[in-house]
Amino acid sequence: MGFPVSRIALLSSASLLALTLVPALADDKVEKVVVTASRIGATPENRLGTAVSILTREQIEDRQTRLVSDVLRDVPGVQVNRSGGVGTLTQVRMRGAEGNHTLILLDGADITDPFSGEFDYAGLLADSIERIEVLRGSQSALYGSDAVGGVINIIPRRGEGALGFEAFAEAGSFDTWQAAANLGVGGETTDLFVSANHYATGGTNNARVGAEDDGAHNTALFANAGVRLAPNFELRGLIRYVDTFAEADPQDFFTGLAFDGPDETQTEQLYANVSAALSLFDDRWQTRLSYALADVERSGVASGTASTSEGERHKVSFVSALTFDTGAARHKLTGAVDWKDESYANVIPDFFIDAAGDAGSTGYVAAYDLSVGSVDLGAAYRRDENDRFKDAESYRLQASWRVSDTTRLRATAGSGIKNPTFQELYGFDPNFFIGNPNLKAEKSTGWDVGVDQTLFGGDARVTLTYFDATLEDEIFTDFSVFPFTAGNRTDESDRSGIELTFDATFAESWDVSAAYTYLDAVEAGAEEVRRAPHIASLNVTHRFLDNRGSATLSVRYNGDQKDTHFFGFAPFSEVVTLKAFTLVNLNADYKVTDDVELFGRVENLFDEEYEEVFSYATPGLAAYAGLRARF
């Protein structure tokens with residue numbers, strides 16, 4: 001059964017415990033500022049019409065979450081699908097949109113794969129992160145293509161204070177170990193943060209049957225630096241290099257089931273971003289010029305055929321915003337220009353494929369925001385001029401009304417675009433796929449309305465959001481022709497749902513965070529695959545012994561979901577149902593001294609057997625322990 005009584009009891013007990021502690025709430029406030037909601041500057045969360053979730057470094061460390069994809073399971077509106085164990089293809093879908101409909105940023109710089117047009121979260125470790133901001137709903141008017149379902153911005157740590165060194169190491173089930181080291185320093189004029197992290201696992205079997213474990217390893221190097229040449233002028237730069245390797249299992253052409261095999265993938269990713277920011281007139285006029293690089297090279301063996309692909313992106317952005325007052329009204333005018341050039345190479349020696357190409361675009365953004373008393377309004381417009389595609393326009397409208405000190409209403413409406421990827425246009429797969437250079441861009445329109453209710457002086461908050469979106473010209477793989485190819489659908493895809501959250505701090509020692517999503521994603525009258533109608537999560541953290549120790553319970557529920565079972569050498573298929581599952585993690589840590597901390601955790605406490613992608617097995621019960629030291 002999808003949600004056994006024991007899991008219900010555990011979830012209900014934790015929620016009841018949270019509610020019984022409400023009278024003893026602490027003084028910490030829930031409201032935060034958001035930097036991703038506009039192209040420049042920060043905006044208080046309670047002035048945004050956009051639905052936003054923020055995950056802090058403290059939350060990530062409390063939950064001992066090692067992968068960003070697992071962090072995102074606690075965000076409403078987000079669905080995660082992993083094709084087996086750690087290191088395998090991992091997709092994130094937001095509000096029922098496709099995996100390549102969410103734009104992922106690193107400190108504002110696009111880090112999606114320029115060839116596939118989608119970010120693979122398999123190798124993204126949750127280290128060196130200060131916070132993650134998730135904007136739900138279309139943001140194409142600000143950020144252009146890809147931001148159909150929303151935007152995820154990973155904001156990395158910066159050096160601060162005196163020179164400090166931090167290291168941690170852990171080991172546990174499945175021959176898994178991880179070690180990382182950070183160095184940071186920062187003052188009024190300069191800051192530097194450097195990080196190195198290595199993760200390795202012997203893995204588990206990704207196929208339902210067989211005895212072959214599929215291992216993976218991942219090395220990440222990161223540096224983030226800034227220098228303030230004047231109080232109002234700052235230069236910043238960051239660079240991140242990631243090298244990942246993962247073993248995988250192929251699917252049998254005739255049965256459609258995963259089986260033990262020698263498939264593997266090696267990926268090298270290089271991301272860099274440099275910027276210059278100038279602030280004038282007491283920060284009322286802010287301007288930033290930036291350059292971002294993304295270079296992703298992927299090689300591997302799939303079903304006995306070796307291939308390599310490389311995608312490279314160069315992007316220059318100029319953003320300027322002026323804020324001014326007229327009486328009781330505050331105005332903000334923002335303009336931006338984005339120049340982008342992308343290229344790709346795809347080599348499959350066995351099939352004599354050696355393809356390459358490039359594409360460029362220029363995007364123009366104009367935005368206006370108005371604040372009058374308790375009302376905040378905003379409008380944004382973007383025009384993208386593309387080399388290879390039809391020029392596109394997108395818009396976004398938002399409104400926020402603080403009805404009282406405890407109640408806020410908000411709403412957004414907007415459109416989004418997703419250009420065809422190089423893989424969809426010109427890609428070739430030895431499993432008989434060929435690209436379609438005549439594809440059109442996908443287009444989306446949608447809206448949402450929500451209410452935020454704070455309790456007990458702002459120490460607890462409940463949010464409720466209803467969303468609705470329609471996608472046109474969706475790109476899909478057409479199995480009715482041979483070779484299989486990509487095409488634009490003629491019917492629409494409709495997505496709607498409800499997002500509910502609860503966050504609070506109780507008695508200075510209890511933190512509770514809960515989220516629930518209901519999703520209705522339908523195309524041509526059928527439920528869309530890999531999109532569970534019901535998803536929920538609960539995280540409860542308790543601090544004790546004068547905050548020297550803490551324990552966290554994480555419960556994540558994923559309801560029944562549909563998937564497609566392809567079988568036979570011809571394109572035969574059937575829709576199957578993947579059963580619901582509940583994952584329970586329990587962890588604890590204790591500071592032996594102010595600088596040395598012991599920690600441990602148990603994942604999948606009830607040894608749940610489940611699949612997020614049809615026929616691909618996932619890890620069972622696991623335990624890990626480690627040590628963290630700071631100097």
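Everything below is about the structure printed above this text.
Note that the structure is predicted; figures quoted are calculated from it, not measured.

Caption draft 1: Representation of the overall build of the chain within the structure. Check the secondary structure of the chain and you find five helices and 38 strands. For 631 residues, the compact-globule formula gives about 25 Å, and the C-alpha radius of gyration of the chain, at 24 Å, lands near that figure. In terms of principal-axis extent, the alpha carbons of the chain reach across some 70 × 55 × 50 Å. For the chain, buried positions account for 53% of its 631 residues.

Caption draft 2: Representation of the sheet that holds strand 23 (residues 428-429) within the structure. If you walk across this open sheet you meet the four strands as 23-24-28-27, and the pairing is mixed. Of all strands in the sheet, those bounded by a partner on one side alone are strand 23 and strand 27 (475-478). Bridge analysis of strand 27 against strand 28 (residues 484-488) gives four bridges, and the strand direction is antiparallel. Paired with I475 across the two strands is N488, which belongs to strand 28.

Caption draft 3: Spatial organisation of the pattern of salt bridges. On inspection of all chains with the given rule, the structure shows 53 salt bridges. Of the charged contacts in the structure, one is a salt bridge between E58 and R543, with a shortest N-O distance of 3.1 Å. Here E58, found in helix 2 (residues 57-63), pairs with R543, found in strand 32 (residues 534-544); they are 485 residues apart in sequence, far enough to count as distant. The partly exposed category is assigned to E58, whose relative accessible area is 47%. Residue classification places R543 among the buried residues on the basis of a relative accessible area of 15%. One salt bridge in this structure joins K443 and D473, with 2.4 Å as the shortest N-O distance. Of this pair, K443 sits in strand 25 (residues 442-455) while D473 sits in the loop between strand 26 (460-472) and strand 27, and the two are 30 residues apart along the sequence. Classification of K443 as partly exposed rests on a relative accessible area of 37%.

Caption draft 4: Region of interest: the pairing of strand 25. In this sheet, strand 25 lies alongside strand 22 (residues 407-418) in antiparallel orientation, the contact comprising twelve bridges. Looking at the pairing, T412 lines up with D448 of strand 25. Sheet topology note: the strand 25/strand 26 ladder contains 13 bridges and is antiparallel. By the bridge assignment, T445 is partnered in strand 26 with T470. Linking two consecutive strands that pair antiparallel, namely strand 25 and strand 26, is a turn of four residues; a positive phi of about 55° is found at F456 within it.

Caption draft 5: Representation of the sheet that holds strand 9 (residues 150-156). As summarised here, the arrangement of the five strands in space is 3-8-9-6-7, forming an open sheet in which the pairing is mixed. For this open sheet the edge positions go to strand 3 (51-56) and strand 7 (109-110), each flanked by a neighbour on one side alone.

Caption draft 6: Inspection of the pairing of strand 29 (residues 493-506) at higher detail. Burial runs high along strand 29: eleven of the 14 residues are buried. Strand direction decides the pairing type here: strand 26 and strand 29, joined by twelve bridges, are antiparallel. For A469, the partnering residue across the bridge sits in strand 29 and is R495. Examined bridge by bridge, strand 29 and strand 30 (residues 510-523) share 14 bridges and lie antiparallel to one another. Counterpart to F502 in the pairing with strand 30 is A514. Counting the residues in the hairpin turn of strand 29 and strand 30 gives three residues, including A507, whose phi is positive at 50°.

Caption draft 7: Structural detail: the side chain of T470. Secondary-structure assignment places T470 in strand 26. Here T470 is in contact with K443, S444, T445, E492, S493 and D494, once residues within four sequence places are set aside.

Caption draft 8: How the structure looks around the side chain of D448. With respect to the helices and strands, D448 occurs in strand 25. At 2.9 Å, the side chain of D448 and the side chain of R95 are in polar contact. A polar side-chain atom of D448 sits 2.8 Å from a polar atom in the side chain of T412. The residues contacting D448, other than those within four sequence positions of it, are G49, R95, R136, R410, A411, T412, T465, Y466 and F467.

Caption draft 9: Quick look at a negative patch on the surface. The grouping of E472, E492, D494, D520, E527 and D560 at the surface amounts to a negative patch. Residue placement: D560 occurs in the loop between strand 33 (549-558) and strand 34 (561-567).

Caption draft 10: Spotlight on the environment of P76. Assignment of secondary structure puts P76 in the loop between helix 3 (68-71) and strand 4 (78-82). If we ignore the near neighbours within four places in the chain, the residues touching P76 are S53, R136, E499, T501, A515 and T517.

Caption draft 11: Representation of a nonpolar patch on the surface. A grouping of L163, F165, L183, V185, L192, V194 and F631 is seen on the molecular surface, where their side chains present a nonpolar patch of about 610 Å² in accessible area. Of all the secondary-structure elements, those providing two or more residues to the nonpolar patch are strand 10 (161-172), strand 11 (176-186) and strand 12 (190-204). Structurally, the position occupied by V194 is in strand 12. V194 sits in the partly exposed class, given a relative accessible area of 34%.

Caption draft 12: Representation of the packing of aromatic side chains within the structure. Under the definition given, this model contains ten aromatic pairs. Ring plane angle 55° and centroid distance 6.4 Å describe the contact between F193 and F222, whose orientation is recorded as tilted. You can see F193 sitting in strand 12 and its partner F222 sitting in strand 13 (residues 214-230), a full 29 residues away along the chain. Its relative accessible area of 3% is what places F193 among the buried residues. Between W447 and Y466 the ring centres are 5.5 Å apart and the planes differ by 50°, which places this aromatic pair in the tilted class. Here the residue W447 occupies a position in strand 25, and Y466 occupies one in strand 26, the gap between them amounting to 19 residues. Classification of W447 as partly exposed rests on a relative accessible area of 40%.

Parameters at a glance
Residues numbered from 1 in each chain as written. Predicted model: local features only at pLDDT ≥ 70, side-chain atom pairs only at ≥ 80, totals over all residues. Heavy atoms only, no water. Helix = DSSP H or I, 4+ residues; strand = E, 2+ residues; numbered from the N terminus. Rg over C-alpha atoms; globule rule 2.2 N^0.38 Å. Buried < 20%, exposed > 50% of the residue type's maximum accessible area, 1.4 Å probe, protein only. Pairing = 2+ DSSP bridges. Salt bridge = Lys/Arg side-chain N within 4 Å of Asp/Glu carboxyl O. Contact = heavy atoms within 4.5 Å. Polar contact = N/O pair within 3.5 Å; in protein donor to acceptor, adjacent residues only side chain to side chain. Patch = residues over 30% accessible without salt bridge, like charges linked within 9 Å, V, L, I, M, F, W, Y side chains within 5 Å. Areas by Shrake-Rupley, 256 points an atom, 1.4 Å probe, with all protein chains shown as cover. Lys, Arg positive; Asp, Glu negative; His and termini not counted. Charge placed at Lys NZ, Arg CZ, Asp CG, Glu CD. Phe/Tyr/Trp six-rings, centres within 6.5 Å; stacked < 30°, edge-to-face > 60°.

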